[in-house]
Amino acid sequence: MRLLHTSDWHLGRSFHRVSLLDAQAAYLDHLVATVEEREVDVVLVAGDVYDRAVPPLTAVELFDRALHRLAAAGVPTVMISGNHDSARRLGVGAGLFERAGIHLRTDPEGCATPVVLADDHGDVAFYGLPYLEPALVKDVLGAGKAGHEAVLTAAMDRVRADLATRPAGTRSVVLAHAFVAGGEPSDSERDITVGGVAAVPAGVFEGVDYAALGHLHGSQRVTDRVRYSGSPLAYSFSEADHRKTMWLIDLDADGGIAAEERIDCPVERPLARLRGRIDTLLEDPALDRHEHAWVEATLTDPVRPADPMARLARRFPHTLSLVFDPERPPEDPLSSYAQRLKGRDDHQIAEDFVAHVRGGSGPSDLERTVLRAAFDDVRVDETVREVSR
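No experiment lies behind these values; they were computed from the predicted model shown. (Residues numbered from 1 in each chain as written. Predicted model: local features only at pLDDT ≥ 70, side-chain atom pairs only at ≥ 80, totals over all residues. Heavy atoms only, no water.)

Novice: Where do I start with the overall build of the chain in this structure?
Specialist: Each helix and strand counted, the chain has 11 helices and 19 strands in total. Taken over C-alpha atoms, the radius of gyration comes to 23 Å for the chain, in line with the 21 Å a tight globule of 389 residues would show. The principal-axis extents of the C-alpha atoms in the chain amount to approximately 70 × 55 × 40 Å. A buried classification covers 48% of the 389 residues belonging to the chain. A separation threshold of at least 6 residues defines the contact pool for the chain, and within that pool the share at least 24 residues apart is 69%. With the model as given, the accessible surface of the chain reaches about 18,600 Å², and the carbon-plus-sulfur share is 51%. Each charge sign in the chain was given a centre, from 43 positive and 62 negative side chains, and these centres are 3 Å apart. (Helix = DSSP H or I, 4+ residues; strand = E, 2+ residues; numbered from the N terminus. Rg over C-alpha atoms; globule rule 2.2 N^0.38 Å. Buried < 20%, exposed > 50% of the residue type's maximum accessible area, 1.4 Å probe, protein only. Contact = heavy atoms within 4.5 Å. Areas by Shrake-Rupley, 256 points an atom, 1.4 Å probe, with all protein chains shown as cover. Lys, Arg positive; Asp, Glu negative; His and termini not counted. Charge placed at Lys NZ, Arg CZ, Asp CG, Glu CD.)

Novice: How do you make sense of the pairing of strand β7 (residues 115–119) when you look at a structure like this?
Specialist: Look at any regular strand and the pattern is simple: side chains alternate between the two faces of the sheet. Sheet analysis places β7 next to strand β8 (residues 122–129), joined by 5 bridges and oriented antiparallel. Pairing of Asp119 across the sheet is with Gly122, part of β8. Hairpin connection between β7 and β8: a loop of 2 residues separates the two successive antiparallel strands. (Pairing = 2+ DSSP bridges.)

Novice: Looking at this structure, I do not really get the side chain of Thr77. What am I missing?
Specialist: Considering the arrangement of structural elements, one finds Thr77 in strand β5 (residues 77–80). With a relative accessible area of 0%, Thr77 lands in the buried category. Leave out the neighbours within four places in its chain, and Thr77 touches Val43, Val45, Leu70, Gly101, Ile102 and His103.

Novice: Looking at this structure, I do not really get the sheet that holds strand β9 (residues 171–177). What am I missing?
Specialist: In a beta sheet, neighbouring strands are held together by backbone hydrogen bonds and run either parallel or antiparallel to one another. As summarised here, the arrangement of the 6 strands in space is β7-β8-β9-β12-β14-β13, forming an open sheet in which the pairing is mixed. Among the strands making up the open sheet, the edge pair consists of β7 and β13 (220–223). Strand-to-strand, the axes of this sheet are offset by a mean angle of 20°, without reference to chain direction. Contacts between helix α6 (residues 148–164) and the sheet are confined to β8 and β9, with β8 contributing the most and set at about 160° to the helix. (Axes fitted to C-alpha atoms, helices over the stretch in contact; angles between N-to-C directions.)

Novice: Honestly, the pairing of β5 in this entry has me stumped. Any pointers?
Specialist: On β5, burial covers both faces: Thr77 and Met79 on one face and Val78 and Ile80 on the other are all buried. Where strand β4 (residues 42–46) lies against β5, 4 bridges are found, and the strand directions are parallel. Bridge pairing in β5 links Val45 to Met79. A crossover connection joins β4 to the parallel β5 through helix α2 (residues 57–72); in handedness this β-α-β unit is right-handed. Pairing of β5 with strand β6 (residues 102–105), which is carried by 4 bridges, proceeds in the parallel orientation. Along β6, the bridge assignment pairs Thr77 with Ile102. (Right-handed = clockwise from strand over helix to strand, strands pointing away.)

Novice: Would you explain the packing of helix α1 (residues 21–37) against α2 in this entry?
Specialist: The relative placement of two packed helices is expressed as an angle between their axes plus a distance between the axes. For the pair α1 and α2, the least separation of the axes is 10 Å and the interaxial angle reads 10°. The angle between α1 and α2 falls in the class roughly parallel. Facing α1, whose interface residues are Leu21, Gln24, Ala25, Leu28, Asp29, Val32 and Val35, α2 presents Thr58, Ala59, Leu62, Ala66, Arg69 and Leu70. (Parallel < 35°, antiparallel > 145°, perpendicular 65-115°, else oblique.)

Novice: Mind showing me how you'd approach helix α8 (residues 308–315) here?
Specialist: Note that an α-helix has 3.6 residues per turn; residues three or four places apart therefore point the same way. Residues of α8 that are buried include every one of Pro308, Leu312 and Arg315, and no others. Taken around the axis of α8, the buried residues stretch over an arc of 55°, which confines them to a single face. Among the structural elements, α7 (278–283), β18 (294–299) and β19 (319–324) are those in contact with the buried residues of α8. (Arc of directions from axis to C-beta.)

Novice: I would appreciate a short explanation of the packing of aromatic side chains in the present structure.
Specialist: The geometry of an aromatic ring pair is captured by two quantities: the separation of the ring centres and the angle between the planes. Throughout the structure, instances matching the rule amount to 4 aromatic pairs. Here the aromatic rings of Trp9 and Tyr27 are separated by 6.3 Å at their centres, their planes lie at 70°, and the arrangement is edge-to-face. Of the two residues, Trp9 is situated in the loop between β1 (2–6) and β2 (14–15) and Tyr27 in helix α1; the sequence distance between them amounts to 18 residues. An identical accessibility class is assigned to Trp9 and Tyr27; each is buried. Each member of the aromatic cluster is reached from another via a ring pair, and the members are Phe15, Phe237 and Trp294. The residue whose ring lies beneath Arg227 is Trp247, and the NZ or CZ to ring-centre distance is 4.5 Å. The ring of Trp294 carries the charged tip of Arg269 above its face, separated from the ring centre by 5.9 Å. (Phe/Tyr/Trp six-rings, centres within 6.5 Å; stacked < 30°, edge-to-face > 60°. Lys NZ or Arg CZ within 6 Å of the ring centre and 35° of its normal.)

Any link to function would need more than the numbers given here.
Encoded structure:
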């Protein structure tokens, strides 16, 4: 059975205030063409269909057209909700869509109810695990505690229990939206840290033939059987070096991967991250190839130059981001505050603040626990308020 694994469409998202709707439409054209040309048997969409819980009408219309085209192609599609989606909104009409071969899985309670499709070698059971917000699904799934590993393990225990009731030789595929250890994140994914832990071990997916993951935006394999397709478009300059692709996977009669291929996605405009003094960026002939790219320019001039954006735009008309990182010795008190914070999460920054106001004494273990719980509560509250609008 030939699978086309994709995820993280983020329909409706912009890039530094530039609309990506045309680029997203071009990607969906490419997706449908690939389905038809490569004789795909089933399309997998592993979450974050939309960029936010209440997407703009233009994004909904684009999604609607994509569903009609996939249904018209006669190729089943299995799709889950991600942490950016409103699971309840995305799941509206799921029963009707199913009649057209579009299988939406947005309810955590239905994670062990597979979409069963057959080929010449027998059945393949497709289990959809929507994004599982630990605090909201812990009790639903009977997980021991509110953590990513606990709720995913509980969901996968249900999947394995159902699979054990299937005829011998039934192959299995799981779609999940999660941060799995070993995956490489970028700057454009929303933080899903709970209790200081964002990642779950790949072993959670033990017992299934293929795990089609969403959430991380870089195409990558965690193991041969556990993979991210990545997002079809770049959504931050940290993805400038990404090769945006979809996985084309052939499952053999025993559930092994008989063939695999990365199908490149169309690139409307490449990204470039340039760094140096402004005169160098404006004069270096080696940078000619970036003149039509979306550009993030980091200026290292010791003194901020006059009208830098206007000057850069004359050579690089698609400059979208301007960063100042002056060349200074590390001990210089004017060294960038942002540089000192680089790579530190909100909780670590809060702990640093406590240490600063106490003159060097950081928070106690109890205070760290309280801080972490406060950050978790705020994130969950924001999630609940967003999806209830």
